[in-house]
Amino acid sequence: MKVTDLTTNEYNPFYETYIAKVSDDITLLEGFIEAKTQVENFFKSIPHDKLEYRYAKDKWSIKEVFQHIIDNERVFMYRCFRMARHDKTPLAGYEQNDYILPSGANKKSIASLIEEYQVVRQNFIVLVKSLSSQDLEVIGTASGSAMSARAAAFITLGHEIHHINIIKERYFKSA
């Protein structure tokens, strides 16, 4: 299953930004496995003195962006799971900014954030492996819009690409 298999009725147009960042050439499972190493290596490569850097006063630090990637993956894994289990209960949205302060991201070491990411990603990989193509195509409701299980998974992959690109463009350009 590839991102090109998605149809626009499987997700809110807001998520097109993320979906468009996923390579047409890889399967969903390959994307999760390959990105795991790429994300880990990217965050390991950032100098320690830059991890709490903010490119503007009201923006998240790099550690907070990483925590956001992890938290978002948790939310979208749950959405994927619920949709794939044919749960028709509408799922609420979440306010990403409300998650950052209680996460304590800046108090965590980069090693602990990487470990947290690894565990969450491994759980998503195992979930994807356990689901049939038919289950991944099930559409439910999240944040008031249609969302398929597979769209939730592909959005997760594109979301982390999006934020890594922002770090590369804004955090090191201004530093």
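Residues numbered from 1 in each chain as written. Predicted model: local features only at pLDDT ≥ 70, side-chain atom pairs only at ≥ 80, totals over all residues. Heavy atoms only, no water.

Our next topic: the nonpolar core. Grouped together as the largest cluster of nonpolar side chains are 54 residues, with contacts concentrated most on Phe43, Phe66, Cys80, Met147 and Ile155. Of all elements in the fold, only helix H1 (16-19), helix H2 (28-45), helix H3 (62-84), helix H5 (110-130) and helix H7 (149-171) reach the threshold of two or more residues within this core. Non-local contacts of Ile155, meaning those with residues more than four positions away in its chain, are made with Tyr11, Tyr15, Tyr18, Ile19, Phe76 and Met147. (Core = buried A, V, L, I, M, F, W, Y, C linked by side-chain atoms within 4.5 Å. Buried < 20%, exposed > 50% of the residue type's maximum accessible area, 1.4 Å probe, protein only. Helix = DSSP H or I, 4+ residues; strand = E, 2+ residues; numbered from the N terminus. Contact = heavy atoms within 4.5 Å.)

Take the environment of Val22 next. With respect to the secondary-structure elements, Val22 resides in the loop between H1 and H2. Remark: the alpha-carbon pair of Val22 and Leu157, spanning 135 residues in sequence, is separated by 6.6 Å. Ignoring anything within four residues of it in the chain, the contact list for Val22 reads Val3, Phe154, Leu157, Gly158 and Ile161.

Once that is clear, we can look at the pattern of salt bridges. For the structure on display, the rule yields 11 salt bridges. Note that Asp71 is salt-bridged to Arg74, the shortest N-O span being 3.1 Å. Residue Asp71 and its partner Arg74 are both found in helix H3; the two are separated by 3 residues, about one turn of the helix. For Arg74, a relative accessible area of 35% corresponds to the partly exposed category. Salt bridges linked by common partners bring Asp71, Arg74, Lys108 and Glu116 together as one network. (Salt bridge = Lys/Arg side-chain N within 4 Å of Asp/Glu carboxyl O.)

Moving on: the packing of H3 against helix H4 (residues 96-103). Relative to each other, H3 and H4 sit at 115°, their axes nearing to 10 Å. Once H3 is placed against H4, the crossing between them reads as right-handed. Residue-level inspection shows Glu64, Gln67, His68 and Asp71 of H3 in contact with H4, the latter providing Gln96, Tyr99, Ile100 and Ser103. Considering only residue class, the contact of H3 with H4 consists of 2 nonpolar, 4 polar and 2 charged. (Axes fitted to C-alpha atoms, helices over the stretch in contact; angles between N-to-C directions. Left-handed = near helix turned anticlockwise from the far one by under 90°. Nonpolar A, V, L, I, M, F, W, Y, C, P; charged D, E, K, R; others polar.)

Quick look at the packing of aromatic side chains now. Applying the stated criterion to the full structure yields 11 aromatic pairs. With a centroid separation of 6.1 Å and an interplanar angle of 80°, the aromatic rings of Phe14 and Tyr18 are classed as edge-to-face. A relative accessible area of 52% means that Phe14 is categorised as exposed. Seen from their ring centres, Phe42 and Phe43 are 5.1 Å apart, and the 85° between their planes marks the pair as edge-to-face. (Phe/Tyr/Trp six-rings, centres within 6.5 Å; stacked < 30°, edge-to-face > 60°.)

With respect to the helices, strands and loops of the structure, Gln96 is situated in helix H4. When near neighbours in sequence (up to four residues on either side) are disregarded, Gln96 contacts Trp60 and His68.

Bridge count between strand S1 (residues 139-142) and strand S2 (residues 145-148): 4 bridges; the pairing is antiparallel. Opposite Ala142, over in S2, you have Ser145 as the bridge partner. Counted between consecutive antiparallel strands, the loop separating S1 from S2 contains 2 residues, among which Ser143 sits at a positive phi close to 55°. (Pairing = 2+ DSSP bridges.)

Turning to H5, a few remarks are in order. In this model, H5 (21 residues) spans 30 Å end to end at C-alpha, consistent with the 30 Å of a helix rising 1.5 Å per residue. Restricting attention to buried positions, one finds in H5 the residues Ile110, Leu113, Ile114, Glu116, Tyr117, Val120, Arg121, Phe124, Ile125, Leu127 and Val128. Buried residues along H5 sit against H2, H3 and H7. (Expected span 1.5 Å × (residues − 1).)

Time to look at the side chain of Asp71. Given the relative accessible area of 11%, Asp71 is considered buried. A distance of 3.1 Å separates polar atoms of two side chains, one belonging to Asp71 and the other to Arg74. Excluding its chain neighbours within four sequence positions, the residues that come into contact with Asp71 are Tyr99 and Ser103. (Polar contact = N/O pair within 3.5 Å; in protein donor to acceptor, adjacent residues only side chain to side chain.)

To continue, consider H7. When the terminal C-alpha atoms of H7 are compared, their 32 Å separation across 23 residues agrees well with the 33 Å that a helix rising 1.5 Å per residue should span. The element H7 is largely enclosed, with a buried count of 18 among its 23 residues.

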